[in-house]
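# Structural characterization, general
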Amino acid sequence: MNFPILHIPVVGDGMTIALNAVLHVCISHGLAIGLMGMVVLFQTLTWKGKGQFWADIARKVLGPLVVITTSIGAVTGVGIWVLTGSLAPEGIGALIHLFFWPWFIEWFAFTAEVILLLYYYYNWEKLITTRPGKLAAIGWAYVATSFVSAVLITGILGFMLTPQGWPWARSFTEAYFNPTFAPQCFLRVGGGFAMGTLMMMGWIAWRFTGTPLERGRALRACGIALLLSVAVTAAASYVYFSRVPSTYLTHWKFAVATSYLSQMPDFLPAANVGAVLVLVLAALAAMARPPVLSRLLCIPALLLSICFVMEFERVREFVRGPYLMPGYMHASQITLVESEAMIAENQPLLPRLRWVNTSDKLPPATQAARALFAANCGVCHAESGINGIDQRLAGRSADGINAMLGITQRLAPYMTPFVGSEQERTLLTEYLFQLSSNYSRRNQQATREK
């Protein structure tokens, strides 16, 4: 390990990254691609002589959109790389070495995106009447740049689930244009437009003060755009999941739902179909033009589309199971080659950890056990809190915990194997048994106090 091992206490690494990533995806896809696309479309319709109300709607929406995307969107975007770079530096380092140029070009695309957005916003009043065609051209240039930015980053994200033959051939082309690259591009852009049209639809249904005829025409445009976006997203999702290895998809339900709900085979598929039907109904209601139905349906449809984002990101992260990069590196940031060699030769892990925290006034054995926990288990488990290892192991004996550590990868397909010597496994066992015993004692005391 060349970098310090950092983990988020109580909340855990996965939940922290997920909260930041879902918020960023909703803004970067829903607002920056989808809603901004509708704004530019509406302004273009005014330029083409279809009515001033299109531009009036676009101008009202544009201000909040610019504020949110350039503040929360930018901060959460940087936050993703800060978090993943801090929590999984070995993995991010490997990705940067492989995808340096796409990443480098994407930063230029992102910078161009921000410049075009700000230019479009601050020159609106000046150009809308004198040179509306130039304003539309700037807007469509922004939309094209945001699409390019999404495509550039999708190759890297797809690789993390389906690296195909890269671990063996080490071909950049095969890694970047992996099997899930194309469907994920369409899925992300289609989903972004669906969320954007729903936001626009909601604003028109609730806040637009023009004539009923103008509102009906705007709602109809949103309904058509939403229906097309849902169709593209559904088709792309089907192709995407058909290309994910079946060994990963076997536990997608467990990834999304609780253990109890994952045992109900029809629950999640039926819930997804129901959510799609709500989106289609929202589109049809908007196409029918009366605002009442759109007011009733746009909010639940928008919430369900956010749930789809959460489900997709959760499945994409969870199903690749014990791997950060399948075929190359485990989620614990230990490469498969190193892991297999150490397990086969009973080699210790501690001498390879260069950044063991010795600042706490704890016995050396406890410091070593905490370092082993951070390296082997910390990527998925906090010591306590959400998915805390103390509650997971509560009630188990020390011998039972030691046996589990020896077969983690066979207990569940998404768990990484323990890496370290037999002596280190015993050391970690004692530490975990102490954590679980403390948890049981706290629970018993709380029960007695009630």
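Here the structure is a predicted model, which is why all the values come from computation and not from measurement.

As for its placement among the helices and strands, S421 is situated in the loop between α20 (408-411) and α21 (422-449). Ignoring anything within four residues of it in the chain, the contact list for S421 reads N346, Q347 and P348.

Averaged over the protein chain, the pLDDT score is 90; the fraction of residues at 70 or greater is 98%. Ranking the elements of the protein chain by mean pLDDT puts helix α13 (residues 259-262) last, at 64, and helix α10 (residues 212-243) first, at 96.

What follows is about the packing of aromatic side chains. Counting across every chain of the model gives 22 aromatic pairs. Centre to centre, the rings of W107 and F110 are 5.8 Å apart; their planes meet at 90°, and the pair counts as edge-to-face. Of the two residues, W107 and F110 are both situated in helix α4 (residues 100-122); the distance of three residues between them amounts to about one turn of the helix. Relative accessible area serves as the criterion here: at 42%, W107 is assigned to the partly exposed category. For F110, a relative accessible area of 32% gives the class partly exposed. For the pair Y176 and F181, a centre-to-centre distance of 5.4 Å together with 45° between the ring planes defines the contact as tilted. Using a relative accessible area of 6% as the deciding quantity, one classes Y176 as buried. The rings of F99, F159, W166, F172, Y176, F177, F181 and Y328 are connected pair by pair, giving a single aromatic cluster. Its end group placed over the ring of W166, R170 keeps NZ or CZ at 4.6 Å from the ring centre. One residue, R295, lies across the ring of W206, its end atom 5.7 Å from the ring centre.

Conventions we followed
Counting restarts for each chain: residues are numbered from 1 in the order of the written sequence. For a predicted model such as this one, the threshold for reporting local features is a pLDDT of at least 70, and the threshold for listing and counting side-chain atom pairs is 80 or more; totals across whole chains, interfaces and linings nevertheless cover every residue. The basis for the side-chain values is all heavy atoms of the structure; hydrogens and waters are excluded. Strands here mean DSSP runs of E at least two residues long; helices mean DSSP runs of H or I at least four residues long; both are numbered from the N terminus. In what follows, a contact means two residues having at least one pair of non-hydrogen atoms within 4.5 Å. The pLDDT score gives, residue by residue, the confidence of the prediction method on a 0 to 100 scale. By convention, a stacked pair of Phe, Tyr or Trp rings (six-membered ring in the case of Trp) has centres within 6.5 Å and planes under 30 degrees apart, an edge-to-face pair has planes over 60 apart, and any other such pair is tilted. Whether a residue is buried, partly exposed or exposed follows from its accessible area with a 1.4 Å probe, protein chains only, as a fraction of its type maximum: under 20%, in between, or over 50%, in that order. Two thresholds decide whether a charge sits over a ring: the Lys NZ or Arg CZ must be within 6 Å of the ring centre and within 35 degrees of the ring normal.

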